[in-house]
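So the chains spell out like this:
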Amino acid sequence: MPEALKYARNAIPRINTIPVEVLAHIFKMVVNPTQRFPHSYATHPDPVDGLHVSQVCRHWRNVAFGFLELWSTVDTSRPMSVNVMLSRARGAPLKVILRDRVNDDCVAPCLKDTGVLMDIVDESHRVEELHIEPKYSYGSLLIERFNQPAPNLRALTIDNVEGVSSRAYLPRMFDGCTPRLRRLTLGGFTYWKGNTFSGLTHLCLHDHSPESRRTLSSLLQFLQSSPSLQELALIAADINLEVERDQSLFNVQLQPAVLSSLRTLDIGHSFSPQATARLLSHLILPPSTTLNIWANASSQFFGRNNGARLANLIPSDIIKLGPLRTLHTVRIMDHKYAAQLAGVQALGSKTMDVLSVHDGVLHLISDFWSLEVLESLLKKLHAQNIREITLAVSAGEFLSADAWTRIFRRADGLERLTVLPRSSGALLALRTPGVCPRLSELTVWEERCCTGILLLSVVSPRADAGRPLDRLKVLQGISAAPGSPHLDDYSERQLKECVRKLEYKVALAEEKDLAPTAWPSDAYRWNLVARAGK
């Protein structure tokens, strides 16, 4: 068949009628997919693999070679491809990934070739993204080579760079010139004298050694230089309380950092609850900010025998913290019920205790529980604004009717209540006249103490007063076992007459009703990937 005829036939398939610009954009999505922040480039797909699109047919090859951005990702895990990519990208902005090649059975050092590195350094003016994540130790020279201005640099990642004389101090890079830098991820480095990192929109600091962590005043000063921050992740990188105590800095008045554009704030593996609370007390956040605080369950970050540590986590004054100030829902679950009722599955090998706040809903997921937890939370929060409380814990002490009465009087605007699996204390408290006058939905777990008579004593007076519950849900519990009391037919009929909707012996609550919408966060998922690769 003549070559011209083959070419004409190849143009017939609909895929080849797509406009060249659209096809090139599709190729770019294959070679360089959109990444969340933060992102670990240690496990990033090999961009050369995506360039196989240029080998499909002549048309695709012409499109690929004519689209410079398709060749603009320079990855040192393929050292032989670096100069080829630099040549084919010509004047296009560059995305540079400095890493070693990870094979199934070994790690190949790829950053020993000084010539390859200098070829990249010479193009510093074209670099828009630079991500340095080696597996081997190459010393400080690896990053000190980048001493030329980078006027177009928008994203910078530095991690796993060992051998620096002082790990806490980042050497001067790019001659201190990075005017367009917006995304910064720094691992291990606490200070960066000579580097101007300001005007950031995305910031991730992680894995600071405890003794080198910043003081609050230093961290606030840095955050204040980036008032337009949208995402902030501090993972084992918050403030050093010991230094603050030694230098008597606790009583010093500090200007808070106003982060009016912040969308997400992640604080993981914090120094202590007090350190987190001290940082939060000096931030001004909008109500739309998503807040995630997490730590290994084994660290007992939220507490052990009482609610003191958890109470210390929340600042005394939350008026400037929009996410906490505008709360309307509090859900406390242990890991068992978080999986059963909210669909929260463990990621990685370690169980995490979590406090997540998003869109007015606070989730506390931890196996730690004591009588003081719920009360200590409500004392710190604006309890009068709370409209929903969920308590689903299987361990710990039983909340008495007196304790529940104190909670209900504090949260007198409560409209929805879920108490699992031991519900009788809450039900006894709800019998108190004047308690929770707005209550409209109640979910309990059927148990020996939670009988039909007790439920009737709660819902019947409200129905007589013209305020019947809109919904009563009774989850199937231990009373289904032989010899345990059941809600008899009479009680069930009476309950149906006192509430607008009765759901009797439902197997489980719907996951979508209790599931946290902001957890696991992108920063936590990145943390799992990044630590697994070390």
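Residues numbered from 1 in each chain as written. Predicted model: local features only at pLDDT ≥ 70, side-chain atom pairs only at ≥ 80, totals over all residues. Heavy atoms only, no water.

Draft legend 1. Seen up close, the confidence of the model for the protein. Predicted confidence across the protein gives a mean pLDDT of 83, with 86% of residues reaching 70 or more. Per-residue pLDDT stays below 50 along residues 478-485; that stretch engages in 13 contacts with residues further than four places along the chain or on separate chains. (pLDDT = per-residue confidence, 0-100. Contact = heavy atoms within 4.5 Å.)

Draft legend 2. The arrangement of the packing of helix 17 (residues 452-464) against helix 18 (residues 489-498) in detail. Look at helix 17 against helix 18: their axes get within 9 Å of each other, and the N-to-C directions meet at 25°. Regarding the angle of helix 17 to helix 18, the classification is roughly parallel. As for how helix 17 packs across helix 18, the hand of that crossing is left-handed. Residues G452, L455, L456, V459, S460 and A463 of helix 17 form the contact with helix 18, whose participating residues are S491, Q494, L495 and C498. Here the contact of helix 17 with helix 18 is composed, by residue class, of six nonpolar, four polar and no charged. (Axes fitted to C-alpha atoms, helices over the stretch in contact; angles between N-to-C directions. Helix = DSSP H or I, 4+ residues; strand = E, 2+ residues; numbered from the N terminus. Parallel < 35°, antiparallel > 145°, perpendicular 65-115°, else oblique. Left-handed = near helix turned anticlockwise from the far one by under 90°. Nonpolar A, V, L, I, M, F, W, Y, C, P; charged D, E, K, R; others polar.)

Draft legend 3. Unusual backbone geometry, seen in detail. Residue F37 is joined to P38 through a cis peptide bond whose omega torsion reads -10°. With respect to the secondary-structure elements, P38 resides in the loop between helix 2 (20-31) and helix 3 (47-50). Cis peptide bonds are those with omega within 30 degrees of zero, and the linkage from L420 to P421 qualifies with -10°. Inspection of the secondary structure puts P421 in the loop between strand 18 (416-420) and helix 16 (424-430).

Draft legend 4. Focus on the pattern of salt bridges. Counted under the stated rule, the structure contains 16 salt bridges. With a shortest N-O distance of 3.4 Å, R36 and D522 are connected by a salt bridge. With R36 in the loop between helix 2 and helix 3 and D522 in helix 20 (residues 522-532), this residue pair connects regions lying 486 residues apart in the sequence. What makes R36 exposed here is its relative accessible area of 60%. Residue class for D522 comes out partly exposed when judged on its relative accessible area of 30%. (Salt bridge = Lys/Arg side-chain N within 4 Å of Asp/Glu carboxyl O. Buried < 20%, exposed > 50% of the residue type's maximum accessible area, 1.4 Å probe, protein only.)

Draft legend 5. A look at helix 13 (residues 335-342). Within helix 13, the full set of buried residues consists of H335, Y337, A338, L341 and A342. Down the axis, helix 13 shows its buried residues gathered within 160° of arc, on one side only. In the stretch just after helix 13, G343 is the one whose phi turns positive, near 70°. (Arc of directions from axis to C-beta.)

Draft legend 6. Fine view of a nonpolar patch on the surface. Nonpolar side chains collect at one region of the surface, where V22, I26 and V30 lie side by side and expose about 230 Å² of accessible area between them. Tracing the chain through its elements places I26 in helix 2. (Patch = residues over 30% accessible without salt bridge, like charges linked within 9 Å, V, L, I, M, F, W, Y side chains within 5 Å. Areas by Shrake-Rupley, 256 points an atom, 1.4 Å probe, with all protein chains shown as cover.)

Draft legend 7. A look at empty space enclosed by the protein. Taken as a whole and assessed by the stated rule, the structure comprises four cavities of 30 Å³ or more. For the second largest cavity, the calculated volume is near 40 Å³. Considering the residues around the second largest cavity, the lining is formed by H39, S40, E133, T157, D159, T185, H206, W526 and A530. Looking at the lining of the second largest cavity residue by residue, the class counts come to two nonpolar, five polar and two charged. (1 Å grid on protein atoms, 1.4 Å probe; cavity = no way out; pocket = protein on both sides within 12 Å on 5 of 7 lines; lining within 4 Å. Points joined across faces, edges and corners; volume = space filled by probe spheres on them.)

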